[in-house]
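Each chain, letter by letter, is given below.
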Amino acid sequence: MTVSLTLRRPDDWHVHLRDGQMLAAVADATARQFARAIVMPNLKPPVTTAAAAAAYRDRIRAAVSPGLKFEPLMTCYLVDGIDSDELVRGHAQGIFTAAKLYPAHATTNSAHGVTDVRHIYPALEAMQRIGMPLLIHGEVTDHTVDIFDREAVFIERILKSVVADFPALKIVFEHITTKDAVDFVRDSGPNIAATITPHHLAINRNAMFEGGMRPHFYCLPVAKRELHRQALRQAATGGDPKFFLGTDSAPHAVETKESDCGCAGIYCAPLAIESYARVFEEEGALDRLEGFASEHGPRFYGLPLNPDFITLERVATPVPPRIPAAGTEIVPFHAGEVLDWRFVA
Ligand code: DOR
Ligand code: ZN
């Protein structure tokens, strides 16, 4: 039995680090395991300019403990009619790595998101030209569409036309949750990839209702039925370079999750690589974890692989029920469970 695993240091291609006290509380959890992370811009107000992204990057760097080497990769929050020159300039200055499309009202802090994808077509044109990736929260916001179908309907109603209109645009379909998305990405050209979270590999939609309402398993896009989880597991562990690690770690204070209108988001950063390792081991694919976690992402983004390595040991690792943060607590993913792997530097 494998007792220790050495991997090239991974990156997290989708994370929410928040700001202020919450940023201070969560930054190290990501920076301990990952060399780089694509940082989501859904702050209040959202990060829509290069100056705001540069200032946010400075705050992240200041929040990470001095011993940790970590590079935040910043994203621009796309809004209707966004100035493509701002994107091009921010990208040229090395501030924006990518830009994020939130359909308006699709998820947390997306009120300023895009109301019609045609309103950002000039930006997409520019991004295609300069090779700047578009990161997509792929759910329609039409409330007549069943919440469990919103990702599949997004592919049909929006994504297919964006891909047809911008055939060379690099697109990351973020935190995919369905077999439909897996199939779409697999069947598309090499410029279309996807991130997969640890939680969508571990749970299906039953987890939210097991013996009662379980707000800590609620995130967006919401977990789907088992056949979709199985398709995601095959995609993540199958070695296809189009699929790579993106935790979508999204911390919320416990009282905002356990409420009559609980926030969407799962805080999976503290034991992220351990959680993925469990899935890869269950699928008999531990030898493919490094590709998914450390190689496919940088290759897609055109960035160098990290030069250093991490080790995971096979040690029973209890996950705390709550983690103190910002004067309150966060319930992490796998709270109260015991994982088989432990990250050691
Ligand atoms: O569950 C989610 N939480 N999904 C998102 O898209 C946003 C995120 C957050 O910011 O809390
Ligand atoms: Zn996210």
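Quick caveat: nothing in here was measured; it's all calculated off a predicted structure.

Student: Even after reading the chapter, I still don't get helix α2 (residues 50-63), so can you show me in this structure?
Tutor: One turn of the α-helix equals 3.6 residues, which is why residues spaced by three or four share an orientation. For α2, with 14 residues, the first-to-last C-alpha span of 20 Å sits near the 20 Å given by 1.5 Å per residue. Residues of α2 that are buried include every one of Ala50, Ala53, Tyr56, Arg57 and Ile60, and no others. With its buried residues spanning 120° around the axis, α2 presents them on a single face. What points out from α2, more than 90 degrees from its buried face, is the exposed set Ala51 and Ala62. Against α1 (20-33), β3 (36-39), β4 (71-77), α3 (84-92) and β5 (96-101) lie the buried residues of α2.

Student: When you look at the side chain of Thr97 in this model, what are you seeing that I'm missing?
Tutor: By the secondary structure assignment, Thr97 is in strand β5. Setting aside residues no more than four positions away along its own chain, Thr97 makes contact with Ile38, Leu73, Met74, His91, Met132, Pro133 and Tyr301.

Student: Explanation requested: the site of ligand 1 in the structure shown.
Tutor: Arg18, Asn42, Thr107, Leu220 and His252 are the nearest of the 13 residues found near ligand 1. Between a nitrogen atom of ligand 1 and a main-chain N or O atom of Leu220, the distance comes to 2.8 Å. At 2.7 Å from an oxygen atom of ligand 1 is found a side-chain nitrogen or oxygen belonging to His252. For ligand 1, the accessible surface in isolation is 290 Å², of which the surrounding protein chains cover 100%.

Student: Explain the coordination of the zinc ion (ligand 2) to me, please; I cannot follow it from the model alone.
Tutor: The textbook angles at a metal center are 109.5 degrees for a tetrahedron of four donors and 90 or 180 degrees for an octahedron of six. Around the zinc ion (ligand 2), the protein contributes the donor atoms His14 (NE2), His16 (NE2) and Asp248 (OD), which lie 2.0 to 2.1 Å from the metal centre. Judged by relative accessible area, which is 0%, His14 ranks as buried.

Student: Any chance you could explain the sheet that holds strand β13 (residues 338-344) here in plain terms?
Tutor: Hydrogen bonds between backbone atoms are what pair the strands of a sheet, whose relative direction is either parallel or antiparallel. The strand order β1-β10-β13 describes an open sheet built from three strands, whose pairing is antiparallel. Each edge of the open sheet carries a strand with a single partner, namely β1 (4-8) and β13. Averaged over all pairs of adjacent strands, the angle between their axes in this sheet comes to 35°, without regard to strand direction. Sheet analysis places strand β10 (residues 309-318) next to β13, joined by six bridges and oriented antiparallel. Looking across to β13, one finds that Thr311 is bridged to Val344. Where helix α10 (residues 272-282) meets the sheet, its contacts fall on β1, β10 and β13, and the angle it forms with β13 comes to roughly 120°.

Student: Would you mind going over the packing of helix α8 (residues 226-237) against α10 with me for this structure?
Tutor: The relative placement of two packed helices comes down to the angle between their axes together with the axis-to-axis distance. Contact geometry of α8 with α10 gives a least axis separation of 10 Å together with a crossing angle of 95°. Judged by the inter-axis angle, α8 sits roughly perpendicular to α10. Together, Arg233, Ala236 and Thr237 of α8 and Val279, Phe280 and Glu282 of α10 make up the contact between the two elements. Residue composition of the contact of α8 with α10, grouped by class: three nonpolar, one polar and two charged.

Student: Help me understand the nonpolar core in this model?
Tutor: It is characteristic of soluble globular proteins that their nonpolar side chains tend to be buried jointly. By size, the foremost hydrophobic cluster in this structure holds 93 residues, and its most contacted members are Leu87, Leu124 and Leu134. Contact partners of Leu134, with chain neighbours within four places excluded, come to Leu78, Ala99, Leu101, Leu124, Met127, Val162, Leu169, Lys170, Ile171 and Val172.

Student: What should I look at first to understand the sheet that holds strand β7 (residues 171-173) in this one?
Tutor: One open sheet holds the eight strands; their spatial order is β2-β3-β4-β5-β6-β7-β8-β9, and the pairing between them is parallel. Single-partner strands in this sheet number two, and they are β2 (12-15) and β9 (243-245). Along the sheet, successive strands turn relative to each other by an average axial angle of 30°, direction set aside. With three bridges joining them, strand β6 (residues 134-136) and β7 adopt parallel strand pairing. Bridge assignment links Ile136 to a residue of β7, and that residue is Phe173.

Thresholds, definitions, all that
- Residues numbered from 1 in each chain as written.
- Chains lettered and ligands numbered in written order.
- Predicted model: local features only at pLDDT ≥ 70, side-chain atom pairs only at ≥ 80, totals over all residues.
- Heavy atoms only, no water.
- Helix = DSSP H or I, 4+ residues; strand = E, 2+ residues; numbered from the N terminus.
- Expected span 1.5 Å × (residues − 1).
- Buried < 20%, exposed > 50% of the residue type's maximum accessible area, 1.4 Å probe, protein only.
- Arc of directions from axis to C-beta.
- Contact = heavy atoms within 4.5 Å.
- Near = heavy atom within 4 Å.
- Polar contact = N/O pair within 3.5 Å; in protein donor to acceptor, adjacent residues only side chain to side chain.
- Areas by Shrake-Rupley, 256 points an atom, 1.4 Å probe, with all protein chains shown as cover.
- Donors = N, O, S within 2.8 Å, 3.2 Å for Na, K, Ca; no water.
- Pairing = 2+ DSSP bridges.
- Axes fitted to C-alpha atoms, helices over the stretch in contact; angles between N-to-C directions.
- Parallel < 35°, antiparallel > 145°, perpendicular 65-115°, else oblique.
- Nonpolar A, V, L, I, M, F, W, Y, C, P; charged D, E, K, R; others polar.
- Core = buried A, V, L, I, M, F, W, Y, C linked by side-chain atoms within 4.5 Å.

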